[in-house]
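Working through the structure, step by step
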Amino acid sequence: MYTDAKSVTGADARVKGGGRLEKSQVPPEMKREQQKTSGRLKRPIWWGAGIVAVLLVAIVGWWQPWQSSRVMLSADAAAQAVLEQYPGEIVNSTLKDGTYIMQLRSDTGLYDVQLDAVTATVNAIKRLESNPQAEEKTLLSREQIKTELRKQTDEQLVSLELVEQQGSPVYLAVLKMKDNRREQWTVDPYNGEKQSSQTLDAPASEPGKENDAPQFLSEKEAEQKALARVPGEVDDTELRGTNSGNPYYLVEIDLEDGREAIVQVNAISGAIRSVTWDEEED
């Protein structure tokens, strides 16, 4: 059987000339296969674009370029913000990545302080070195304070009481002056130095008129009253209750048998209020 040479030649020419069949001559099965292949090629492209978008959002959120427009504190303002919270002296200050890194020298040592340059918030503080001279202070005993007061005055010491003022301990010493007026001294409890004084009552200016202010017994007088009740050796004497209007002395007495008695003496009348032994509860 013979084939038309002209028709064969024309078909070969169409294939060789274009390298593919014309659309009108592509079978339906081949069209569906080409669509599936094209869809599979497009999916990776969309996935890649989505990943890139997520990465861009994360980078922008971490960098936050809009924050660059926020006003940062000057070095002086940052130092002032630190000193308002931690007294001392700023010896060095460096701005790095929106944070001031400072060195603060105070009475207790040298500290590294990190301050947010925008919000003025102290993010961290760390001690770099301690001050060897800033050891914890020790309160002087009553006897030591008495010794220091004798160096400063020869007036008669009426009472000495350890109290707390504005969160700090101080000794309040009441002295009877030579003109019979009484002064109250505020004494530093660490070195025994006089910090301030005030007059509690002035001497009587008119004859025949007695001073309305109550006169306290001296510590020595209170001790004599206590020893008359409990013989022994006085270990300590303390005046209390001056602010409540009901002042009294607590006199601690050591006995020969090893016991200790606490005698409460009225600071005005000298009456014995109570006697408490060391094994008893108040």
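Residues numbered from 1 in each chain as written. Predicted model: local features only at pLDDT ≥ 70, side-chain atom pairs only at ≥ 80, totals over all residues. Heavy atoms only, no water.

1. Things to note about the overall build of the chain
A tally of helices and strands in the chain yields five helices and 12 strands. Across the 282 residues of the chain, 26% fall into the buried class. Relative to all contacts within the chain whose residues are 6 or more apart in sequence, the contacts with residues 24 or more apart total 32%. Carbon and sulfur atoms provide 51% of the accessible area of the chain, an area that totals close to 20,100 Å². (Helix = DSSP H or I, 4+ residues; strand = E, 2+ residues; numbered from the N terminus. Buried < 20%, exposed > 50% of the residue type's maximum accessible area, 1.4 Å probe, protein only. Contact = heavy atoms within 4.5 Å. Areas by Shrake-Rupley, 256 points an atom, 1.4 Å probe, with all protein chains shown as cover.)

2. Brief notes about the pairing of strand β11 (residues 260-266)
Here strand β10 (residues 248-254) pairs with β11 via seven bridges, running antiparallel. Within the sheet, the bridge partner assigned to Tyr-249 lies in β11 and is Val-265. Hairpin connection, β10 to β11: the antiparallel pair is bridged by five residues, and Gly-258 has positive phi, about 95°. Pairing of β11 with strand β12 (residues 272-277) involves five bridges; the strand directions are antiparallel. Its bridge partner lying in β12, Ala-261 is registered against Trp-277. Connecting the antiparallel pair β11 and β12 is a turn made up of five residues, with Gly-270 showing a positive phi of about 85°. (Pairing = 2+ DSSP bridges.)

3. Structural notes on the sheet that holds strand β1 (residues 89-96)
Read from one edge of the open sheet, four strands run β1-β2-β3-β4, paired in antiparallel fashion. Among the strands making up the open sheet, the edge pair consists of β1 and β4 (122-130). Sheet twist, expressed as the mean angle between neighbouring strand axes with direction ignored, is 15°. Here eight bridges tie strand β2 (residues 99-106) to strand β3 (residues 109-116), and the two strands are oriented antiparallel to one another. Across the sheet, the residue bridging to Leu-104 is Tyr-111, located in β3. On top of the sheet, helix α3 (residues 75-85) reaches β1, β2, β3 and β4; it is set at about 50° to β2, its chief contact. (Axes fitted to C-alpha atoms, helices over the stretch in contact; angles between N-to-C directions.)

4. So, the layout of surface pockets
Computed from the structure, the second largest pocket encloses a volume of approximately 320 Å³. If you go around the second largest pocket, you meet 17 residues; those closest to its centre are Lys-146, Arg-150, Leu-157, Glu-219 and Lys-220. (1 Å grid on protein atoms, 1.4 Å probe; cavity = no way out; pocket = protein on both sides within 12 Å on 5 of 7 lines; lining within 4 Å. Points joined across faces, edges and corners; volume = space filled by probe spheres on them.)

5. A look at unusual backbone geometry
Unlike most non-glycine residues, Asp-97 shows phi in positive territory, near 55°. Residue classification places Asp-97 among the exposed positions, given a relative accessible area of 75%. For Asn-180, which is not glycine, the phi torsion reads 75° and is therefore positive. Of note, Asn-180 is situated in the loop between β6 (168-176) and β7 (182-187).

6. With respect to the pattern of salt bridges
Per the counting criterion, the structure on display carries 13 salt bridges. The partner of Lys-178 in a salt bridge is Asp-154, and the shortest N-O contact between them spans 3.1 Å. With a gap of 24 residues between them, Lys-178 in the loop between β6 and β7 and Asp-154 in the loop between α4 (142-152) and β5 (156-165) connect regions that are remote in the sequence. Given a relative accessible area of 62%, Lys-178 falls into the exposed group. For Asp-154, a relative accessible area of 64% puts it in the exposed group. One salt bridge connects Glu-223 with Lys-220, and the closest N-O pair in it is separated by 3.9 Å. Here Glu-223 pairs with Lys-220, and both are found in helix α5 (residues 219-229), just three residues apart, close to one helical turn. Classification of Glu-223 by relative accessible area gives buried; the value is 12%. (Salt bridge = Lys/Arg side-chain N within 4 Å of Asp/Glu carboxyl O.)

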